[in-house]
Amino acid sequence: MAVQKKEAAGDQSHSKSQPKSQPKNCYCLAKCVLKGSAVLQAVYGHIRSPTTLDVVFGKETALELVVVSENGTIQPVCEQTVFGTIKDLAVLPWNDQCRAAQPQTYGKDLLVVLSDSGNLSFLTFSVEMHRFLAVAHIHLSQSGNLRRELGRMLAVESKGRAIAVAAFEDRMAVFPVTTAAGNNIVEEKIVYPMESRMQVVDTEPGSSRTRETITGLGTIWSMSFVSIECKASSKGGSILVLAVLLHRKGAVLNELQVLVCDTKEKTIHLRSRFSSPGPLALSVAGIPASPGFALLFRNGDFILLDLINPSNPCVVSRVRLSRLTVDEEMNVLEDYAGQEGDEEGNFSVAASALLELSDSRTSSAGRGDIIYSEQCKFSSSCPAISSWSWEPDYFGNPRLVICLDVGDFFIAEFLLGVQDGIKIKVSNCHYKCSPCKLLLWTKGGFIAALVEMGDGQVLKIEEGALVCRSLIQNIAPILDISLVDYHNEKQDQMFACCGMGREGSLRIIRNGISVEKLLSTPPIYQGVTGTWTMRMKHHDSYHSFLVISFVEETRVLSVGLSFVDITDAVGFDPNASTLACGLVEEGRVVQVCRNEVRLCAPTAAAHPAGLDLSVPLCTSWRPKSLSISLGAIAWRTIILALSSPGILLMLGIRTSSSGGHELYEIQKVQLQAEVSCISIPQEEPGPSSVPASIVGLVEDNSYGTFPDGVEIGKICVVGTHKPSVELLSMVHGENFTALAVGSISLTNTMGTAVSGCVPQDVRLALFDRLYILSGLRNGMLLRYEWPTSSIFSSELTSPNCALNTMLDAKSSLTDSYESCHSQDKINFNKMDTAESSFPAQLQLIAVRRVGMTPVFLVPLCESLRSDIIALSDRPWLIQIARDSQRIAYTSISFQPATHATPVSSIDCPTGIFFVADCSLHLVEMVHTKRLNVQKLLLGRTPRRVLYHSESKTLLVMQSECYEDDSGPVSEICCVDPLSGSLLSTFRLDPGETAKCMRLWKVGNEQVLVVGTGLSAGRAIMPSGEAERGHFHTNFQWMMG
């Protein structure tokens, strides 16, 4: 995206003095977009399918679908922007008795979104399109943030029978979920109050003047449905109880109103009001599986309310959370009657004993009994509940995780079925971190704890304690950035000032997927033509050999953090360039060169499982009169492409008369066009693993859904110079069979054919169906699929599409060809077709340009569901499980590479070898991170950042205001960008606040200019302008 920047009038006055060759206009290029990371809402449910449990983050103007893996990391699946700003987010659970069955939403939970667009939206996730789709939109009000218009807050009934929507003040409505068939999700809204009531009041006794007062609900703080017993409803479940917490103008405390909604009669009535003296009530929540009970969270405690009789709410017990030792637990179940007028905290005997216990043990809170994180901040004041979340899919008693505004975590268990009613059992402080704005308890005991201006955490309950398993990165707010290529890798990165207070930090933000370098060699590897990794045995967990091919030689290295040349012990020809290599049988590897194919049995010097001989056993096969152009190796099978006139040949391995092993020809076929690339799909030994992002969407073993004739291990994919992509059957003893063919013919918007469409690499991939990826020599990437009724993408079938597809059903494989080389003993076979029918016509689904140079495809492992690295102008990661009908790819934060291969060892199980700038780089790719960001914790709020290139250090201006009225404290720090260590600090005078800074070169010296302000009062007026007479600017000069 290029944006033209107009010249200023002042610059035009100097245009005559500028050289004529200098362009008049300046263009700014946006290379990438950094998506927002601040999470404001989080929900959990069966979003993608009835069997998956997914998490959806609301990020102001976008929705992000993520999954929590088994190790506790957050893995992104999809992020999609929405129209408007998200106000609230909720999940409407599936209920076949309350919601009409629709094919696209059957068994799935719906995502309910409330935004300032004025609509109540119901969304479902389409696995095929890899995006959220709107099921229905309900118009509520005009777009914007009107106080008395619906669109501020959501509440969903636990069984999915109704949805409540509230305005900022005075109004709310209930939408019953419809059971009628059709596209409607909810019925007509039931508004409360129905009409504003008017009251006439005399301003003075005996005066005729009057004024009108509109009596409304007030400012709505929170609301929640409260489940009731089925027998309590005499109308077949049409009675719903809604608890609304609101604040009336002029009132001291908030008020809880209990409303009863009759969905059949379409009425809402006020049953009772409840206001308890004491702390300010903040929110209300129903209790799962506890009909008639609710929790009222207040500033410093929460109380259990009995709403079995909505007309007479009463308090059962009060719980005040405080710091306890690990071995202590508190049980609260006392009659609260008669204590409502006590504002000093004289509650039940158990609560008073608890307060005494907590006060006496305040000094023991830091003895190591409580788990603290680095960002914790102790507060001696009475803490308030900042966030909470219920345990999903609980068995037995419901549990609630609570975070206080001082960062303490508690777990409250609600014991049901006891003789006295409900018993609340609150545990000790399990964990301590920064105060969390949002908590979400997910499956597997994982809890997502989200911080407003810092990194969140994924916590897990282990042996009665909370343990941090991973971080949820949040770089908001960003106060300043500095763009620089620090590592000289031709990859721009930003140093950003992020966070506030103790969460203040410097972030190193890079484009693409994060890569961690483990090893780099000097630039001594010129002329590399290919890299491969091989195992010694089929069931080995790790690779044994790394093969590097050069223009006129080959080297074999042992795999590990230290690489040793073992070429002679393996048996490969060191004086020939390698076209392909791989494991063909247990303990035997194959090297394909231009003039021969070598079968080698390495010795024990190369691998402990090798032969106990001084030299490896080798045998070779040579083509007659032709040279080899391409090769591919699979288990007991070798496929070769010979040079013109274009022959595809299969070799096998057998036991010779002498007891050894030898290679022999099985079959070969004549092609119409030269073969440009070959690949043989394989699967790693053992059960196939399904990525966490598609668990539940597809079965672990989906091979029964393959098209007819497609069997892994008996097929190969070839690209030809026709150009075309073809899937062939290669069964031993049978002729080659064309199973599917797709020709490549692309045109641009001008109707001109796109040149360079010869396939450079082809791969077979699997998501919910099989498809073929092909990288072309012109930098384009294609995706082919078998024909189905709904396979075409809308963007490709559009008449305005830039790329048009012409599928040719004609295969490049011809009839039998009488070889002119009579010395060949094996005859050419006639090409068969599956079941004597025409080959399937592959359909082109998606086209993407990833660069201008040829595209090489490198799978991360031998699995059809493996992600694939695409090498072109820069490396890309093609995420197989991210999309079902498109090409989902993300850039890798690494320099342009010519070759790559995955490598697995004990020290580095998920490594990748890149060849870039004549050097070898062993890296690990951290593609599970939501952001490619490195954190340098400062502990204070950073305001400005500059990069000093000469010293390769960061200059950070940070300032902080403390609660002890000591005034602002400003510092200029020198930070090492590699380790984040503080090298030096310059503190400004007390009361002097740093505002800006810049590097300035004076003569041969470089100085840092800092603008400061001296303020005795408010520096900014409500209008946003600087208040005169209270702001002064000084300049500090520091040596660079």
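Along every chain, residues carry numbers that run from 1 in the direction the sequence is written. Restriction of local features to residues with pLDDT of at least 70 applies here, the model being predicted, together with a cutoff of 80 or more for giving and counting side-chain atom pairs; totals for whole chains, interfaces and linings are based on all residues. With hydrogens and water set aside, each side-chain value is computed from the structure's full complement of heavy atoms.

So, the overall build of the protein
Part 1 of the reasoning: When helices and strands are counted, the protein shows four helices and 74 strands.
Part 2 of the reasoning: Only protein chains enter the calculation, and the probe is 1.4 Å; a residue is then buried if its accessible area is under 20% of its type maximum, exposed if over 50%, and partly exposed in between. Within the protein, buried positions represent 52% of all 1040 residues.
Part 3 of the reasoning: A sequence separation of at least 24 residues applies to 52% of the contacts in the protein between residues at least 6 apart.
Part 4 of the reasoning: The protein chains shown are the only cover counted for residues, whose accessible areas, like all others here, come from Shrake-Rupley with a 1.4 Å probe. Taken as a whole, the protein presents about 48000 Å² of accessible surface, with 50% of it coming from carbon and sulfur. Working definition: helices are DSSP H or I runs of at least four residues, strands are E runs of at least two. Numbering for both runs from the N terminus. Contacts are residue-level and defined by heavy atoms, with any inter-residue pair within 4.5 Å sufficient.

With respect to the side chain of T263
Part 1 of the reasoning: Following the sequence through the fold, T263 ends up in the loop between β19 (255-262) and β20 (267-274).
Part 2 of the reasoning: If near-sequence neighbours (up to four positions away) are discounted, T263 is found in contact with P176, I190, S238 and L240.

Topic: the pattern of salt bridges
Part 1 of the reasoning: Counted as salt bridges are all cases of a side-chain nitrogen of Lys or Arg within 4 Å of a carboxyl oxygen of Asp or Glu. With the rule as written, the count across this model stands at 31 salt bridges.
Part 2 of the reasoning: Here R48 and D54 are joined by a salt bridge, their closest N and O atoms 2.9 Å apart. The same class applies to R48 and to D54, which are both buried.
Part 3 of the reasoning: E149 is paired through a salt bridge with R171; the nearest N and O atoms lie 4.0 Å apart. Of this pair, E149 sits in the loop between β10 (131-139) and β11 (153-156) while R171 sits in the loop between β12 (162-166) and β13 (172-176); the two residues are 22 residues apart in sequence, bridging distant segments of the chain.
Part 4 of the reasoning: For E149, a relative accessible area of 28% translates into the label partly exposed.

A closer look at the nonpolar core
Part 1 of the reasoning: Throughout, nonpolar core names a set of buried Ala, Val, Leu, Ile, Met, Phe, Trp, Tyr and Cys residues whose side chains join them through atoms within 4.5 Å. The biggest cluster of nonpolar side chains holds 32 residues, and the ones touching the most others in it are V56, L63, L111, F132 and I878.
Part 2 of the reasoning: Beyond its immediate sequence surroundings of up to four residues, F132 is in contact with I47, V56, L63, L65, Q80, L111, L123, T124 and F125.
Part 3 of the reasoning: Membership of the second largest hydrophobic core comes to 26 residues, among which are V725, L727, W786 and L864.

Here's the deal with the environment of T105
Part 1 of the reasoning: Tracing the sequence through the fold places T105 in the loop between β7 (86-92) and β8 (110-115).
Part 2 of the reasoning: Given the relative accessible area of 0%, T105 is considered buried.
Part 3 of the reasoning: In this structure, the C-alpha to C-alpha distance between T105 and T124, residues 19 residues apart in sequence, is 6.8 Å.

Some thoughts on the sheet that holds strand β4 (residues 54-58)
Part 1 of the reasoning: Paired strands, as defined in this entry, are two strands with at least two bridges between them according to DSSP. Spatial ordering of the open sheet is given by β3-β4-β5-β6, a layout of four strands whose pairing is antiparallel. The outermost strands of the open sheet, each flanked by one partner alone, are β3 (41-45) and β6 (74-81). Averaged over all pairs of adjacent strands, the angle between their axes in this sheet comes to 25 degrees, without regard to strand direction.
Part 2 of the reasoning: Judged from the five bridges that link them, β3 and β4 form a sheet pairing that is antiparallel. By the bridge assignment, A42 is partnered in β4 with F57. Helix axes are fitted only over the stretch in contact, all axes being lines through C-alpha atoms; the angle between N-to-C directions runs from 0 to 180 degrees.

Comments concerning the pairing of strand β32 (residues 446-450)
Part 1 of the reasoning: Burial within β32 is extensive, with five of its five residues counted as buried.
Part 2 of the reasoning: Burial along β32 is two-sided: F446, A448 and L450 facing one way and I447 and A449 facing the other are all buried.
Part 3 of the reasoning: Bridge count for strand β31 (residues 438-441) against β32 is four bridges, and the pairing is antiparallel. By the bridge assignment, L438 is partnered in β32 with L450.
Part 4 of the reasoning: Counting the residues in the hairpin turn of β31 and β32 gives four residues, including G444, whose phi is positive at 75 degrees.
Part 5 of the reasoning: Bridge analysis of β32 against strand β33 (residues 456-462) gives four bridges, and the strand direction is antiparallel. Residue I447 lies in a different strand from β33, and its bridge partner there is L459.

With respect to the packing of aromatic side chains
Part 1 of the reasoning: When the centres of two rings from Phe, Tyr and Trp lie within 6.5 Å, Trp using its six-membered ring, the rings pair. Their planes under 30 degrees apart give stacked, over 60 give edge-to-face, and anything left gives tilted. Summed over the entire model, instances satisfying the criterion amount to 11 aromatic pairs.
Part 2 of the reasoning: Look at F297 and W388: their rings are 4.9 Å apart centre to centre, the planes differ by 15 degrees, and that puts the pair in the stacked class. Of this pair, F297 sits in strand β22 (residues 293-298) while W388 sits in strand β26 (residues 385-390), placing them 91 residues apart in sequence.
Part 3 of the reasoning: Relative accessible area serves as the criterion here: at 27%, W388 is assigned to the partly exposed category.
Part 4 of the reasoning: Ring plane angle 70 degrees and centroid distance 6.0 Å describe the contact between F409 and Y431, whose orientation is recorded as edge-to-face. You can see F409 sitting in strand β28 (residues 408-418) and its partner Y431 sitting in strand β30 (residues 431-432), a full 22 residues away along the chain. Of the two residues, F409 and Y431, both sit in the buried class.
Part 5 of the reasoning: Feature note: the residues F297, F302 and W388 constitute an aromatic cluster, connected by ring pairs.
Part 6 of the reasoning: Lysine NZ or arginine CZ positioned within 6 Å of the ring centre and within 35 degrees of the ring normal marks a charge as sitting over the ring. The ring of W876 has R874 sitting right over it, with the charged end atom 5.6 Å from the ring centre.

Section: unusual backbone geometry
Trans peptide bonds make up the majority, and among non-glycine residues the majority have a negative phi.
Part 1 of the reasoning: Y192 connects to P193 through a cis peptide bond whose omega is -10 degrees.
Part 2 of the reasoning: Note on placement: P193 falls in the loop between β14 (190-192) and β15 (197-202).
Part 3 of the reasoning: In the segment running from K722 into P723, the intervening peptide bond is cis, with an omega of 0 degrees.
Part 4 of the reasoning: Relative to the assigned elements, P723 resides in the loop between β51 (715-720) and β52 (724-729).
Part 5 of the reasoning: Even without glycine at this site, K266 takes up a positive phi of about 60 degrees.
Part 6 of the reasoning: Inspection of the secondary structure assignment puts K266 in the loop between β19 and β20.
Part 7 of the reasoning: Judged by its relative accessible area of 33%, K266 is partly exposed.
Part 8 of the reasoning: One non-glycine residue with positive phi stands out, namely D917, at about 50 degrees.
Part 9 of the reasoning: The topology assignment puts D917 in the loop between β65 (911-916) and β66 (919-926).
Part 10 of the reasoning: Residue D917 is classed as partly exposed on the basis of its relative accessible area, which comes to 47%.

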